[in-house]
Amino acid sequence: MPPSPVRLAAFVVVVFAESSNHHPPTGAPDLAGLAGKCLLQRSSDSGGPAASRSFSDAQHGCIGTYLQKVEALAPRSASHLRQRRWGGRSRQRHGNSLLQAPTAAPPVLGAGFSSTGTMSLALFMKQIGFKPHHPKHKSHEWPDAFWAQIVSAGSHGSLETCNNILNDLDFAQAFSAGFDSILGAPAAHYFLDFYAVSPSSKVILTTRPTEDWILASSHGRIEDLAVPLQSPCGATHADVDLKVAAQLWEAHHDLVRCVVPRQNLLEFSLSDGAMVDSARIAQFLGRTLEWPIPFPRIGESQEFGAAPGESTTLPKKLAVCITGQLGRLELDSKIRNIIRPAMKAGMEVRVALVMDPRAETVYVHRPLGTLFTQILETGANQSYKVVDGPFKNLWDAANAMPHGVSVIFDPFAPEGFQVDDRYLPYQMYDKHNNYTEAYARTRVKSHTRQWQALDRCWDQLGQFGFEDMDYLLRIRDDDYILNSFVPSGPAKRGLRVPPCMTCHGMNDRLAMAVGSDAARLYLSSPLDKMRYHFGDVLATHRARTDETLNPESVQLDVALLNNLSVDPLDADSLSFATARYVSDGSQLFTCLPSYQRECSANATWDRLMARSFLVKAEQSWDAITWHVNGTQMQCFT
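For the structure given in this document, a descriptive report is provided here. This is a predicted model, so every value here is computed, not measured.

With that out of the way, let us pick up unusual backbone geometry. For Ser-115, which is not a glycine, the phi torsion comes out positive at approximately 75°. You can see Ser-115 is positioned in the loop between β1 (108-110) and α7 (118-127). Residue His-504 is not a glycine yet carries a positive backbone phi of 70°. With respect to the helices and strands, the residue His-504 is situated in the loop between β13 (494-497) and β14 (510-514).

So, on to the pattern of salt bridges. Considering all chains together, one arrives at 25 salt bridges under this definition. Taking the shortest distance from any N to any O, the salt bridge between Asp-168 and Arg-89 comes out at 3.8 Å. With Asp-168 in the loop between α9 (159-167) and β3 (181-182) and Arg-89 in the loop between α5 (75-81) and α6 (90-94), the pair connects residues that are 79 residues apart, well separated along the chain. When the shortest N-O distance is used, the salt bridge between Arg-350 and Glu-348 registers 3.1 Å. Here Arg-350 and Glu-348 have matching classes, each one buried. Shared partners join several salt bridges into a network, and the residues in it are Arg-328, Asp-477, Asp-478, Asp-479, Arg-509 and Arg-580.

The next subject is the pairing of strand β17 (residues 580-583). Covered by surrounding structure in β17 are Arg-580 and Val-582 together with Tyr-581 and Ser-583, the residues of both alternating faces. Two elements, strand β9 (residues 381-387) and β17, share three bridges in a ladder whose sense is antiparallel. In the sheet register, Val-386 faces β17, and the bridge partner there is Val-582. Alignment of β17 against strand β18 (residues 588-593), held across four bridges, turns out to be antiparallel. Looking at β18, one finds that Tyr-581 is bridged to Thr-590. Connecting β17 to the next strand, β18, in antiparallel fashion are four residues, including Gly-585 with a positive phi near 105°.

This part is about the state of the cysteines. In this structure the tally under the stated criterion is five disulfides. With its sulfur 2.0 Å from that of its partner, Cys-321 forms a disulfide with Cys-457. Of this pair, Cys-321 sits in strand β6 (residues 317-325) while Cys-457 sits in helix α18 (residues 437-463), and the two are 136 residues apart along the sequence. According to the relative accessible area criterion, Cys-457 is buried, its value standing at 0%. The disulfide pattern of the chain is 1-4, 2-3, 5-6, 7-9, 8-10 when the bonded cysteines are numbered in sequence order. Take Cys-503: it sits in no disulfide, and the sulfur closest to it among the cysteines is that of Cys-500, at 9.8 Å. The partly exposed category is assigned to Cys-503, whose relative accessible area is 36%.

One way to put it is that helix α19 (residues 516-532) packs onto helix α21 (residues 551-561) with a least axis distance of 10 Å and a crossing angle of 100°. By the angle between their axes, α19 is roughly perpendicular relative to α21. Between α19 and α21, the residues in contact are Tyr-522, Ser-525, Pro-526, Lys-529 and Met-530 and Val-554, Gln-555, Val-558 and Leu-561, respectively. Classifying every residue of the contact of α19 with α21 gives six nonpolar, two polar and one charged.

Once that is clear, we can look at the nonpolar core. With 47 residues, the main nonpolar core has Leu-166, Phe-171, Phe-194 and Val-203 as its most contacted residues. Broken down by secondary-structure element, the contributors of at least two residues to this core are α4 (57-73), α5, α8 (144-153), α9, α11 (191-197), β4 (203-207) and α13 (242-259). If you tally residues by element for this core, the top one is α13, at seven residues. Residues within four places of Leu-166 in sequence aside, it is in contact with Arg-84, Gly-88, Ile-150, Ala-153, Phe-171, Tyr-190, Ser-231 and Cys-233. Core analysis: the next-biggest nonpolar cluster, separate from the first, contains 46 residues, Met-119, Ile-298, Ala-440 and Met-530 among them.

Looking now at the side chain of Arg-449. With respect to the helices, strands and loops of the structure, Arg-449 is situated in helix α18. Side-chain polar atoms of Arg-449 contact the backbone oxygen of Pro-414, separated by 3.1 Å. Arg-449 has contacts with Asp-356, Arg-358, Val-362, Pro-414, Glu-415 and Gly-416, leaving out every residue within four places of it along the chain.

Next up on the list: the packing of aromatic side chains. Under the counting rule described, the total for this entry stands at 19 aromatic pairs. Among the aromatic residues, those joined into a cluster by ring pairs are Phe-146, Trp-147, Phe-171, Phe-175, Tyr-190 and Phe-194. Taking NZ or CZ as reference, Lys-131 lies 5.2 Å from the ring centre of Phe-179, over its face. In this structure, Arg-287 packs its charged tip against the face of Phe-130, placed 4.1 Å from the ring centre.

With that out of the way, let us pick up the environment of Glu-415. By secondary structure assignment, the location of Glu-415 is in the loop between β10 (406-411) and α17 (424-428). Each C-alpha atom, one on Glu-415 and one on Arg-449, is 6.6 Å from the other, the two residues being 34 residues apart in sequence. Within the local environment of Glu-415, its side chain forms a polar contact with the side chain of Arg-358, the two groups lying 2.9 Å apart.

Quick look at the sheet that holds strand β15 (residues 566-568) now. Two modes of strand pairing occur in sheets, parallel and antiparallel, and in both the strands are linked by backbone hydrogen bonds. With mixed pairing, the seven strands of this open sheet are ordered in space as β10-β7-β6-β11-β14-β13-β15. Pairing within the sheet leaves two strands with one partner each, and these edge strands are β10 and β15. Taking the axes of each pair of neighbouring strands and ignoring which way they run, one obtains an average angle of 20° across the sheet. With three bridges joining them, β13 and β14 adopt antiparallel strand pairing. The residue of β14 that forms the bridge with Leu-495 is Ala-513.

Let us now look at α19. Under the 1.5 Å per step criterion, the end-to-end length of α19 is 23 Å for 17 residues, consistent within 8% with the ideal 24 Å. Among all positions in α19, only Ala-518, Ala-519, Leu-521, Tyr-522, Leu-523, Ser-524, Ser-525, Pro-526, Leu-527, Lys-529 and Met-530 are buried.

Its place among the elements puts Asp-478 in the loop between β11 (471-476) and β12 (479-481). Sequence separation between Asp-478 and Thr-578 is 100 residues, and the spatial gap between their C-alpha atoms is 5.6 Å. Setting aside residues no more than four positions away along its own chain, Asp-478 makes contact with Arg-328, Lys-334, Arg-509, Ala-577, Thr-578, Ala-579 and Arg-580. Side-chain polar atoms of Asp-478 contact the side chain of Arg-580, separated by 3.0 Å.

Bringing the pairing of β13 into the picture now. Relative to β15, β13 runs parallel, the two sharing three bridges. Note that in β15 the partner of Leu-495 across the bridge is Val-566.

Right, let's get into the side chain of Lys-334. Residue placement: Lys-334 occurs in helix α15 (residues 332-344). Within the structure, the side chain of Lys-334 is placed 2.5 Å from the backbone oxygen of Glu-330, a separation counted as a polar contact. Those residues in contact with Lys-334 that sit more than four places away from it in its chain are Ile-322, Ile-339, Ile-475, Arg-476, Asp-477, Asp-478, Asp-479 and Ile-481.

Attention shifts here to the environment of Ala-342. Among the structural elements, Ala-342 can be located in helix α15. Distance in space between the C-alpha atoms of Ala-342 and Val-486 is 5.4 Å, their sequence separation being 144 residues. If we ignore the near neighbours within four places in the chain, the residues touching Ala-342 are Leu-318, Met-347, Val-349 and Val-486.

Reading guide: rules and limits
- Residues numbered from 1 in each chain as written.
- Predicted model: local features only at pLDDT ≥ 70, side-chain atom pairs only at ≥ 80, totals over all residues.
- Heavy atoms only, no water.
- Helix = DSSP H or I, 4+ residues; strand = E, 2+ residues; numbered from the N terminus.
- Salt bridge = Lys/Arg side-chain N within 4 Å of Asp/Glu carboxyl O.
- Buried < 20%, exposed > 50% of the residue type's maximum accessible area, 1.4 Å probe, protein only.
- Pairing = 2+ DSSP bridges.
- Disulfide = S-S within 2.5 Å.
- Axes fitted to C-alpha atoms, helices over the stretch in contact; angles between N-to-C directions.
- Parallel < 35°, antiparallel > 145°, perpendicular 65-115°, else oblique.
- Contact = heavy atoms within 4.5 Å.
- Nonpolar A, V, L, I, M, F, W, Y, C, P; charged D, E, K, R; others polar.
- Core = buried A, V, L, I, M, F, W, Y, C linked by side-chain atoms within 4.5 Å.
- Polar contact = N/O pair within 3.5 Å; in protein donor to acceptor, adjacent residues only side chain to side chain.
- Phe/Tyr/Trp six-rings, centres within 6.5 Å; stacked < 30°, edge-to-face > 60°.
- Lys NZ or Arg CZ within 6 Å of the ring centre and 35° of its normal.
- Expected span 1.5 Å × (residues − 1).

Quick look at the structure:
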């Protein structure tokens, strides 16, 4: 005898009470409506019969509500969704233990669609030790066969065929290559399948205001993109108008909020210009940040393609690698004269900011506390002291970056490495000084950290998926760029380097690599050669000069070993100098050494002098007297 409606309604209420981890949104299942239905019939409301073993009754109610919304918006899609077996045959094969390693943590699932920051999230998760699977970050471990079946399911033009393929698919294969998280459009379109495979997973729902998403969509070519729908089976934006797509987008968000227990769900919105709380994400994922890491900014404006009537020519790609120490970082001139002009010229710009975040800033020349004096017109002296710059952490740098540029912030604290003993004597003697061994070892450690930072920068650009860059600009932390510069010209593989401060090699403060192969060799090869092939570097150096072996000469020797052409990047194209910050006790000034005007075009330096004042070092530093004694700098605000 069937239960009375009153008793059945009470049973349904008990189910929700026991499943209090779930938090249905405004569009939660109608309990009165569910009360009149036999629970054995829920498969027709929320998916195929096998799906009932994957979800609780409350979750089935969430799915049923979602399907009702889809039915009202896209009836053709709703009919086939009711025949889906969520998770495919994964649960039949794997039972309740779906992970390869029973003790491993469940994989993290991303539930956000494209253009909501999924690429940034994947990059951040890599930074904190995860191995995320994202369609934009393809690797040799990518389970191609699995994703080929996903793609083929919607290519037959038949919803029945699509359903049969998906219902027979083992969705646990997505983690077969050791991926511990899955993000991006596939994860969102097949969220219920992946969640059925791993119902104890933590879920991150990335969103953005619906109005923003509509605006971004309407400006792009999205006709061929799948609609924001579970198991779209070939349904694209060409099949629905933008208003319906937006409602499906919101219905998906409600579904995720309803199905996933509150303690396992993290939601954040990548609103225009908003700062994402990366520490909160790390904490949710069970990771502790040693250093503050701002959430990466990956421009996703290309995901929808060019707007109608716009050029479809791919933009030139410029990678900017900024390495060094946070306390010495100067950003204003780099943004004003490199990043913004390149963006304005239509280039795709991605910046890797690889900074040592430690508080103890190391200065080889003009160290902290060095005093400089300005002779005032009254004859009095005004003293200035060398101090650290304005950036106390990478969040300060993140706030300075312009909107629209892609940036990865990498707090990297290199420890140096043991270099060949034959390198040390070169750091103790030169034509100017007889250094102490202790100071020479300090120099060596600084050099090895520099090479480690270069290699790290290449790694970060690889995480970006930016290995196919057209140009790379490598700039040191304290380089001050004096004029606007946009890379251009024929794509001749090799390096272009300022012909100043060469020190028997090539300028190691700034360089432009043309072509991704040249960029890779420039950034990663010095570490490899100095660590494992020092003999080759030394032989190359001795074959061309009897001068000292230093970072400048190492860069040139390594370039020669790699058969890279090295051409001049003259000052008329790009002028720069090494910046130091000084303070009079109340105000911070930027200063450039007068002897470095050789790296600047005359007219550019003259304009600098017209807006700056001159200071002169009050003291010398015994270890490097020839560098500091009498040094003059042009200072400005």
